[in-house]
Amino acid sequence: MKRAFLISSILFASSLCFSVGAQGATSLPEACLTSAVGLETARHGALTLENYAARLTADGSQLNVTDATLTDGMKILDNAALTDANAFGALGALVLLRGQTPAACDTDGSHTALRSIAKEIAHGAQPELVWHGAKLARSGHGYLAKTVHVRFASISGKPDRIRITMDASGITALDGSAAPQDAAADVDLPLRALSDAASGATNVPLVAPGETLTVNNVHAAYGQSSLDGHGYIQSGSSWRDSISRMHLEIGHMADLLSAVRAHTSAGVTTALAMAQFMAHRDGDKVSWDVGLNNGVVDVNNVPLPVTLP
């Protein structure tokens, strides 16, 4: 189920005061996640939550959001389903800090709720979650974000696929480490990944053999520098029979090197600097076409002597 929570996760959340308002009623048990809402405003197909807070029971990781808006423009999901969608998003964000989903979250009720949401997305529901004033924290580590926006939708003509778009702005790291101030992603992947996890299956792959993950766009901004990419992954049974192509582009690379130099190892900074020698150049931009073809990695169509496990 961890994979599905990561799919449905929102990147950042907030940790203000937790003892506000009434407990939020969701399909996740309190042994997994507790939540509270200062004020809830509901109308058909839309919810607004002020001073939303959630805590992962297993380790006390917290998220708070000044206000959250949950909608389904197609008005297929009812408000109970939107509340669950927000709870799964909160859990996904908290799991990003913890690294794994607590066993207490793996219940029949949570699987049923997630499976219901996946089914309605396949039938045309388009849930959107918008968080303003968010902070995600665990033991002094975590992130702040001014706005986080996540959208889910089926893909026309492809009933077995789901599109997820996500963007976050005004990002900072609580411990002062390097973090992009803005980030966005647009991907489509098999609906099976969400549905299988919702059924209670274990070790559900994001992309199974024979399936494709398409990265329509990924973007991150560090100061004046920006990282952009797009491509696809066609999964095999291992790296040795998988195929992937990605185009990566960095603008104002010097800014990126400055941003990460103080917060990463010298090896990472050196690797980024050396990577410029293999890049295509266009003004202040450098780019790479990175491929994986049956165990062979290439950069700009030049095979590299890299041994994959």
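Rules of the game
- Residues numbered from 1 in each chain as written.
- Predicted model: local features only at pLDDT ≥ 70, side-chain atom pairs only at ≥ 80, totals over all residues.
- Heavy atoms only, no water.
- Helix = DSSP H or I, 4+ residues; strand = E, 2+ residues; numbered from the N terminus.
- Buried < 20%, exposed > 50% of the residue type's maximum accessible area, 1.4 Å probe, protein only.
- Contact = heavy atoms within 4.5 Å.
- Areas by Shrake-Rupley, 256 points an atom, 1.4 Å probe, with all protein chains shown as cover.
- Salt bridge = Lys/Arg side-chain N within 4 Å of Asp/Glu carboxyl O.
- Lys, Arg positive; Asp, Glu negative; His and termini not counted.
- Polar contact = N/O pair within 3.5 Å; in protein donor to acceptor, adjacent residues only side chain to side chain.
- Disulfide = S-S within 2.5 Å.
- Expected span 1.5 Å × (residues − 1).
- Arc of directions from axis to C-beta.
- Axes fitted to C-alpha atoms, helices over the stretch in contact; angles between N-to-C directions.
- Parallel < 35°, antiparallel > 145°, perpendicular 65-115°, else oblique.
- Pairing = 2+ DSSP bridges.
- Core = buried A, V, L, I, M, F, W, Y, C linked by side-chain atoms within 4.5 Å.
- pLDDT = per-residue confidence, 0-100.

A. A look at the overall build of the protein chain. Of regular secondary structure, the protein chain possesses 6 helices and 17 strands. Considering the protein chain as a whole, with its 309 residues, one finds that 44% of them fall into the buried category. Sequence separation of at least 24 residues holds for 60% of the intrachain contacts in the protein chain that already meet a minimum separation of 6. Summed over its atoms, the accessible surface of the protein chain is roughly 14400 Å², and 55% of this surface lies on carbon and sulfur atoms.

B. Geometry of the pattern of salt bridges. Counted according to the given criterion, the structure contains 6 salt bridges. Here Arg151 and Asp167 are joined by a salt bridge, their closest N and O atoms 3.2 Å apart. Of the two residues, Arg151 sits in strand E7 (residues 141–155) while Asp167 sits in strand E8 (residues 158–169), which places them 16 residues apart along the sequence. Given a relative accessible area of 23%, Arg151 falls into the partly exposed group.

C. Local environment of the side chain of Asp84. Tracing the chain through its elements places Asp84 in helix H2 (residues 79–98). There is no salt bridge for the buried Asp84, and the closest opposite charge comes from Arg115, which lies 12 Å off by N-O distance. Of the polar contacts made by the side chain of Asp84, one reaches the backbone nitrogen of Ser27; its length is 2.8 Å. Beyond its immediate chain neighbours, meaning those up to four positions away, Asp84 contacts Thr26, Ser27, Ala113 and Ile117.

D. Structural context of the state of the cysteines. For the structure on display, the rule yields 1 disulfide. There is a disulfide in this structure between Cys32 and Cys105, and the S-S distance comes to 2.0 Å. Between Cys32 and Cys105, the disulfide has an S-S torsion of 90° and is therefore right-handed. Of the two residues, Cys32 is situated in the loop between strand E1 (22–23) and strand E2 (33–37) and Cys105 in the loop between H2 and helix H3 (108–122); the sequence distance between them amounts to 73 residues. Side by side, Cys32 and Cys105 carry an identical accessibility label, which is buried.

E. How the structure looks around H3. Taking 1.5 Å as the rise per residue, H3 with 15 residues should run 21 Å; its terminal C-alpha atoms sit 21 Å apart, in good agreement. Turning to H3, its buried residues are Ser110, His111, Ala113, Leu114, Ile117, Ala118 and Ile121. Looking down the long axis of H3, one finds its buried residues gathered within 165° of arc, a one-sided arrangement. Counted as exposed and oriented over 90 degrees from the buried face of H3: Asp108 and Lys119.

F. Molecular detail of the packing of H2 against H3. In the contact formed by H2 and H3, the axes pass within 10 Å of each other and the chain directions differ by 110°. Our classification of the angle between H2 and H3 gives roughly perpendicular. Contact residues: H2 offers Ala81, Asp84, Ala85 and Phe88, while H3 offers Ser110, Ala113, Leu114 and Ile117.

G. Main features of the environment of Gln62. By the secondary structure assignment, Gln62 is in strand E5 (residues 62–72). In sequence terms Gln62 and Ala137 are 75 residues apart; their C-alpha atoms lie 5.5 Å from each other. Separated by 2.6 Å, the side chains of Gln62 and Arg55 make a polar contact.

H. Spotlight on the pairing of strand E3 (residues 39–43). Where E3 and strand E4 (residues 46–56) come together, 5 bridges link them in antiparallel fashion. Directly across from Glu40, in E4, lies its bridge partner Leu49. Where E3 hands over to E4, the hairpin turn is made up of 2 residues, of which Gly45 adopts a positive phi near 75°.

I. Just the pairing of strand E13 (residues 243–251), in detail. Note: strand E12 (residues 225–234) against E13, 9 bridges, orientation antiparallel. The residue of E13 that forms the bridge with Gly229 is Leu248. Pairing geometry for E13 and strand E15 (residues 285–293), over 9 bridges, is antiparallel. By the bridge assignment, Arg245 is partnered in E15 with Gly291.

J. Looking closely at the side chain of Ser61. Here Ser61 shows up in the loop between E4 and E5. Here Asp59 takes part through its side chain, which lies 2.8 Å from a polar atom of the side chain of Ser61. Those residues in contact with Ser61 that sit more than four places away from it in its chain are Ala54, Arg55, Leu56, Leu94, Ala137 and Arg138.

K. Inspection of the nonpolar core at higher detail. If you look at the biggest cluster of nonpolar residues, it comprises 53 residues, and the most contacted ones within it are Tyr52, Leu63 and Ile162. If sequence neighbours within four positions are ignored, Tyr52 has contacts with Ser35, Ala36, Val37, Leu63, Asn64, Val65, Asn86, Ala87 and Ala90. Grouped together as the second largest cluster of nonpolar side chains are 11 residues, Ala220, Met253, Leu257 and Val286 included.

L. The confidence of the model for the protein chain, seen in detail. Scored by pLDDT, the protein chain comes out at a mean of 83, with 82% of its residues at no less than 70. Of all the helices and strands in the protein chain, E1 carries the lowest mean pLDDT, 40, while E5 carries the highest, 96. This model gives residues 1–24 a pLDDT under 50, and the stretch forms 106 contacts once residues within four places in sequence are excluded.

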